[in-house]
Amino acid sequence: MENTDRIEKKVTLRASRSRVWRAITDAKEFGEWFRVKLEGPFAEGTTVRGKVTYPGYEHLNFEMVVERIEPERYFAYRWHPYAIDPKVDYSSEPTTLVEFRLAEAEGGILLTIVESGFDRIPLARRAEAFRMNAEGWTEQTKNIDRYVSQG
Amino acid sequence: MSRKASAAAAKLTEAAPVFAALGDATRLGVVVRLCNDGPLSISHLSDGSKVTRQAITKHLHALAEAGLVRDTRRGRERIWNLEPRGLEPARRCLDQISEQWNVAIDRLRSLVERES
């Protein structure tokens, strides 16, 4: 069976290392592409809170704990991937780790994103989240369609 | 609503019973047992378990309803086996998160490549 614990993404971005680094670690820029409005800057060991700006999900709070920052090379944070019920306190539940790695590539920067730790998230929690989310997903997929067709 | 969108929602709804069925420690234990040692009869499954035979039977029926196990009759006994295809919808949920990353990465790309 396939790995159910982690998701890995690799992408080559035609931009300089410092540009990619800023887009990932400047809280305002991160929020722009991740669709979240964050309250504070990223610093190792700090909890950064904010509001989701994804259409249809604006009622959700966003929270991440910055794990490690190695300038222009590595950035990692933890968060609760299925935290979609604003009434539930997720703080005692396991988190997933999201890691960004930057490497030189021809014509740009190879960015590797790994999100891991899904196997520790209780299955019951996932079930509940997905049940609650089924309607939301319909809406979200529509938003994705709209975004992509805009180019 | 686009057809693609309703298909995505339908997939998630389909996965919910699987997660619910697996969201119980005993049931998850039964699945793991069948995965490692199956096919097994109920008496084999309840051997060395703190859970009663009746409880195991109930859990097996819940798992069967979610499409995760099936039984065949061997003489007087029922033998239970894993239905690996039943886990497919659960796996697809991870695909959905993976897809969210793809969309976010597309936005990241247009942000950083815009100015260069």
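Look up: the structure comes first, before these words.
Residues numbered from 1 in each chain as written. Chains lettered and ligands numbered in written order. Predicted model: local features only at pLDDT ≥ 70, side-chain atom pairs only at ≥ 80, totals over all residues.

**What about the sheet that holds strand β1 (residues 40-41) of chain B?**
As a general point, the strands of a sheet are linked pairwise by backbone hydrogen bonds and lie either parallel or antiparallel. Residues and elements named next belong to chain B. Going by this rule: Strand pairing is defined by DSSP finding a minimum of two bridges between the two strands. Counting from the N terminus, the helices are the DSSP runs of H or I reaching at least four residues and the strands are the DSSP runs of E reaching at least two. It is the C-beta atoms, placed from the backbone, that decide contacts: two residues are in contact if theirs lie within 7 Å. Where helices are involved, their axes are fitted lines through C-alpha atoms of the stretch in contact, as for all axes, and angles between N-to-C directions lie from 0 to 180°.
A sheet is described by the order of its strands in space; here three strands give the open sequence β1-β3-β2, paired in antiparallel fashion. Because the sheet does not close on itself, it has two edges, and the strands there are β1 and β2 (69-74). By the bridge criterion, two bridges tie β1 to strand β3 (residues 77-82) in an arrangement that is antiparallel. Considered in β3, the bridge of L40 is made with W80. Relative to the sheet, helix α4 (residues 53-65) contacts β2 and β3, its axis offset from that of β2 by approximately 120 degrees.

**Side note on the nonpolar core**
Our working definition: Nonpolar cores are built from buried Ala, Val, Leu, Ile, Met, Phe, Trp, Tyr and Cys residues. These are joined into a set through C-beta atoms within 7 Å. With C-beta atoms placed from the backbone, a residue is labelled by how many other C-beta atoms lie within 10 Å of its own: buried for 20 or more, exposed for 12 or fewer, partly exposed between the two.
Counting residues in hydrophobic clusters, the biggest one holds 22 residues, and the most contacted among them are L13(A), V20(A), I24(A), I109(A), L111(A) and V112(B). Elements that contribute at least two residues to this core include exactly α1 (17-25), β2 (36-38), β4 (61-70), β5 (74-79), β6 (96-105) and β7 (108-116) of chain A together with α5 (88-113) of chain B. In terms of residue count, α1(A) provides more of this core than any other element does, four residues in total. Those residues in contact with I109(A) that sit more than four places away from it in its chain are L13(A), A15(A), R17(A), V20(A), L102(A) and E104(A). Judged by nonpolar contacts, the second largest core, of 16 residues, contains A21(B), I56(B), L63(B) and L82(B).

**Quick notes on the packing of helix α2 (residues 25-37) of chain B against α4(B)**
All names here are of chain B. As a reminder, the rule being used: Between 65 and 115 degrees an angle is taken as roughly perpendicular, under 35 as roughly parallel, over 145 as roughly antiparallel, and anywhere else as oblique. Residue polarity is assigned by list, with Asp, Glu, Lys and Arg as charged and Ala, Val, Leu, Ile, Met, Phe, Trp, Tyr, Cys and Pro as nonpolar; anything else, Gly included, falls into the polar class.
The N-to-C vectors of α2 and α4 enclose an angle of 80 degrees; their axes lie 10 Å apart at closest approach. With respect to α4, the element α2 is oriented roughly perpendicular. Between α2 and α4, the residues in contact are T26, R27, V30 and V31 and I56, H59, L60, A62 and L63, respectively. Partitioned by chemical class, the residues of the contact of α2 with α4 number six nonpolar, two polar and one charged.

**Notes on the environment of F118(A)**
Residues and elements named next belong to chain A. Tracing the backbone shows F118 in the loop between β7 and α3 (123-150). Residue F118 is classed as partly exposed on the basis of its C-beta count, with 19 C-beta atoms lying within 10 Å. Between the alpha carbons of F118 and P81 there is a distance of 8.4 Å; along the sequence they are 37 residues apart.

**Overview of the sheet that holds β6(A)**
Residues and elements named next belong to chain A. As summarised here, the arrangement of the seven strands in space is β1-β7-β6-β5-β4-β3-β2, forming an open sheet in which the pairing is antiparallel. The two strands at the open ends of the sheet, each matched to only one other strand, are β1 (6-13) and β2. Adjacent strand axes in the sheet meet at a mean angle of 25 degrees, parallel and antiparallel pairs treated alike. Pairing of β1 with β7, which is carried by eight bridges, proceeds in the antiparallel orientation. Note that in β7 the partner of L13 across the bridge is I109. Along the sheet, α1 makes contact with β1, β4, β5, β6 and β7, crossing β6 at roughly 170 degrees. Strands β2 and β3 (47-52) of the sheet are contacted by helix α2 (residues 27-34), whose axis makes an angle of about 165 degrees with β2.

**Section: unusual backbone geometry**
Residue and element names in this part refer to chain A. Notably, R35 is not glycine yet its phi reads approximately 65 degrees, a positive angle. As for its placement among the helices and strands, R35 is situated in the loop between α2 and β2. You will see that E72, though not glycine, has its phi angle at about 60 degrees, which is positive. Within the fold, E72 resides in the loop between β4 and β5.

**Remarks on the packing of α1(A) against α2(A)**
Residue and element names in this part refer to chain A. At a minimum axis distance of 5 Å, the contact between α1 and α2 shows a crossing angle of 80 degrees. Considering their axes alone, α1 and α2 lie roughly perpendicular with respect to each other. Taken together, the residues of α2 that come into contact with α1 (itself represented by R22, A23, I24 and T25) are E29, F30 and W33. The residue inventory of the contact of α1 with α2, partitioned by class, reads four nonpolar, one polar and two charged.

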